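# Coordinate analysis (summary)
Here is how the chains run, residue by residue.
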Amino acid sequence: QQLFFSLNTKILNKINIALLRTSIDDIYDTSSAWDDHNQNDIVDINEINYDNINTFSHNTLGLILSKSFSINKIRLGINTKFSISSLFDQHSFSHSFDFGTYKNFNGYSIGLVLKDFLNRSYWSEGEINKIPSQIIFGSNFNIKSINLSFDYSVFDNTYMLGTSYDYNSSVSFQLGHSTFEKLYLGFLLNFKKFNIGYSFVIPKYTELGTSQRILIGINKDSFNLKL
């Protein structure tokens, strides 16, 4: 689940905020379901006690603070990311940062992102996990109502190709392909007070199965809010 909104403040002007929750439920735990009687490190059928197979879940709550600004017509941005996770009886606190910049050149733009900088996860058992930072190059090109984009991650050699078509001011369609996604299809409907988006993803590895996402955006003016 995801919730996005923006606040206009006197100090930072506009700041974007995202609240996220992810959960992997009913994961099978077989750690106590078998006994290696013959000590051959192989699970034989007669060594499995199915009554001892339990399930567990992995839950994460996240907060992202995003701020963008301009210097000499160059756009800059920073994401500050925090999260709290629970796994069995363990808990963790994580933080990381993203730094990005891009510049427009008459319908063409090029950008650079340093992703997951200073990523650390501190677990209640005392373990500290680290995720390597990534450098991502991106480019974007507009041809009338068609937008083309290409992103490339340097260190892990992954990529993403995408295109979108704006049918009019209210309807747009998206098509994409990446290292991990065989096909991405989506559309976005824009209305005066809200918008609705839908996406359908076929992964490169079919074992993962297809996935779908529905996004709903609501204009704060619909509630007469003054932030």
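Residues numbered from 1 in each chain as written. Predicted model: local features only at pLDDT ≥ 70, side-chain atom pairs only at ≥ 80, totals over all residues. Heavy atoms only, no water.

### What to know about the packing of aromatic side chains
- A complete count under the given rule lists five aromatic pairs for this structure.
- Relative to Phe 141, the ring of Tyr 108 lies with its centre 6.2 Å away and its plane at 55°, an arrangement referred to as tilted. Of this pair, Tyr 108 sits in strand S6 (residues 108–123) while Phe 141 sits in strand S8 (residues 134–143), placing them 33 residues apart in sequence.
- Assessed through its relative accessible area of 33%, Tyr 108 is described here as partly exposed.
- One Lys or Arg, Lys 103, reaches over the ring of Phe 105 and ends 5.8 Å from the middle of that ring. (Phe/Tyr/Trp six-rings, centres within 6.5 Å; stacked < 30°, edge-to-face > 60°. Helix = DSSP H or I, 4+ residues; strand = E, 2+ residues; numbered from the N terminus. Buried < 20%, exposed > 50% of the residue type's maximum accessible area, 1.4 Å probe, protein only. Lys NZ or Arg CZ within 6 Å of the ring centre and 35° of its normal.)

### Some details on a nonpolar patch on the surface
- On the surface, Phe 105, Tyr 108, Ile 110, Phe 141, Ile 143, Ile 146, Leu 148, Tyr 165, Tyr 167, Phe 173 and Phe 187 cluster together to form a nonpolar patch covering roughly 1000 Å² of accessible area.
- Along the chain, Phe 187 falls in strand S12 (residues 181–190).
- Note on Phe 187: relative accessible area 31%, which makes it partly exposed. (Patch = residues over 30% accessible without salt bridge, like charges linked within 9 Å, V, L, I, M, F, W, Y side chains within 5 Å. Areas by Shrake-Rupley, 256 points an atom, 1.4 Å probe, with all protein chains shown as cover. Salt bridge = Lys/Arg side-chain N within 4 Å of Asp/Glu carboxyl O.)

### A word on the pattern of salt bridges
- Enumeration over the complete set of coordinates arrives at two salt bridges.
- In this structure, Lys 81 and Asp 98 form a salt bridge, with 3.1 Å as the shortest nitrogen-oxygen distance. Note that Lys 81 is positioned in strand S4 (residues 74–87) and Asp 98 in strand S5 (residues 90–105), a separation of 17 residues in sequence. Neither residue differs from the other here; Lys 81 and Asp 98 are each classed as buried.
- For Asp 116, the salt bridge identified is with Lys 81, shortest N-O distance 2.8 Å. Taken together, the residues span a long stretch of sequence, with Asp 116 in strand S6 and Lys 81 in strand S4 at a distance of 35 residues.
- Residues joined by salt bridges that share partners form a network here, namely Lys 81, Asp 98 and Asp 116.

### As for the side chain of Ser 199
- Along the chain, Ser 199 falls in strand S13 (residues 194–203).
- Residue classification places Ser 199 among the buried residues on the basis of a relative accessible area of 8%.
- Not counting residues within four places of it along the chain, the set of residues in contact with Ser 199 comprises Tyr 184, Leu 185, Gly 186, Ser 211, Gln 212 and Arg 213. (Contact = heavy atoms within 4.5 Å.)

### As for unusual backbone geometry
- Positive phi is not limited to glycine here, since Lys 73 has a value of about 65°.
- Among the residues examined, Lys 73 registers a relative accessible area of 73% and is labelled exposed.
- For Lys 144, which is not a glycine, the phi torsion comes out positive at approximately 55°.
- By the element assignment, Lys 144 lies in the loop between S8 and strand S9 (146–153).
- Given the relative accessible area of 87%, Lys 144 is considered exposed.

### Describing the side chain of Asn 119
- Checked against the element boundaries, Asn 119 lands in strand S6.
- Excluding anything up to four places from it in sequence, Asn 119 contacts His 95, Ser 96, Asn 129, Lys 130 and Ile 131.

### With respect to the pairing of S13
- Where S12 and S13 come together, nine bridges link them in antiparallel fashion. Bridging across to S13, Leu 183 finds its partner in Ile 202.
- Once S12 ends, the chain turns through three residues before running back antiparallel as S13. (Pairing = 2+ DSSP bridges.)

### A few points about the environment of Leu 118
- In this fold, Leu 118 is placed in strand S6.
- Leu 118 sits 10 residues away from Ile 128 along the chain, and the two C-alpha atoms are 12 Å apart.
- Not counting residues up to four positions away in its chain, the partners in contact with Leu 118 are His 95, Ser 96, Phe 97 and Ser 133.

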